[in-house]
Amino acid sequence: FSSRGWAVHLRAARTGRKAAERYEAGGFQVLLHDDRPGSDEDLKNTLQMKNEIAPDFFVMDGYAFDGRFQQACHSRQCKTLVVDDYGQLDFYFCDYLLNHNSDAEKIAYARLAAPALKMLGKDYALLRDEFLNRAPKPAGQGPVQKVLVTLGGGDAEGMTLRIVELLLEHDFGGVEFLVLLGSMN
């Protein structure tokens, strides 16, 4: 975003310091806080920052941002986008809903504030520039030697451990598996 000349402000929990450093390196202005995500204090301080900055676009990404939080942050002066993983909330209050998981189209999202635009599936994957600009490796250039296993910044369901356990049950003939854990694992 900042490479396109947009001013990007990020309010993030202090526990996400490593991610914040990456965002700062990308030109984002980062404000770290100690509020419990989704709490009344978090909402109050988020709204205060939103009012001071007066953004054109507001993005919420976090399991703690329930429908109440989203509704309070939504306004006519600013479009809102909610990033979701698995449709667990009672309702979604936003202009745009993004779920880039491959099975996102299977989630009904029945309690979505109309007329929100749903952006569902892998066509909407959020990729950093180093992945977007990387030249694709031609297929069939020898056997697979390394496999990256990652579930993103968090693994609330504990699936990373289950995947590793399944991999250990099989002989992959010298293939190296790299397991990448996010800050919330």
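As the structure is a computational prediction, the values presented were derived from the model and not from experiment. (Residues numbered from 1 in each chain as written. Predicted model: local features only at pLDDT ≥ 70, side-chain atom pairs only at ≥ 80, totals over all residues. Heavy atoms only, no water.)

## Looking at the pattern of salt bridges
Then comes step 1: Per the counting criterion, the structure on display carries five salt bridges.
Then comes step 2: Arg11 is the partner of Asp42 in a salt bridge, and the nearest nitrogen-oxygen pair spans 2.4 Å. You can see Asp42 sitting in helix H2 (residues 40-53) and its partner Arg11 sitting in strand S1 (residues 9-13), a full 31 residues away along the chain. Summarising the burial analysis for this pair, Asp42 and Arg11 share the class buried.
Then comes step 3: The partner of Arg162 in a salt bridge is Glu165, and the shortest N-O contact between them spans 3.9 Å. Taken together, the residues Arg162 and Glu165, both in helix H5 (residues 159-168) and three residues apart, mark about one turn of the helix.
Then comes step 4: Salt bridges sharing partners connect three or more residues here, namely Arg11, Asp35 and Asp42. (Salt bridge = Lys/Arg side-chain N within 4 Å of Asp/Glu carboxyl O. Helix = DSSP H or I, 4+ residues; strand = E, 2+ residues; numbered from the N terminus. Buried < 20%, exposed > 50% of the residue type's maximum accessible area, 1.4 Å probe, protein only.)

## Brief notes about the packing of aromatic side chains
Then comes step 1: If you walk through the whole model with that rule in mind, you get six aromatic pairs.
Then comes step 2: When the centroid spacing of 5.7 Å and the interplanar angle of 40° are considered together, the rings of Tyr63 and Tyr86 count as tilted. With Tyr63 in the loop between strand S3 (57-61) and helix H3 (67-73) and Tyr86 in the loop between strand S4 (79-83) and strand S5 (96-99), the pair connects residues that are 23 residues apart, well separated along the chain.
Then comes step 3: The class for Tyr63 is partly exposed, based on a relative accessible area of 36%.
Then comes step 4: Where Phe172 meets Phe177, the ring centres are 5.1 Å apart and the plane angle is 70°; that geometry is what we call edge-to-face.
Then comes step 5: In this structure Phe172 comes out as partly exposed when scored by relative accessible area, which is 36%.
Then comes step 6: For Phe177, a relative accessible area of 27% corresponds to the partly exposed category. (Phe/Tyr/Trp six-rings, centres within 6.5 Å; stacked < 30°, edge-to-face > 60°.)

Shape descriptors only; they carry no functional weight alone.
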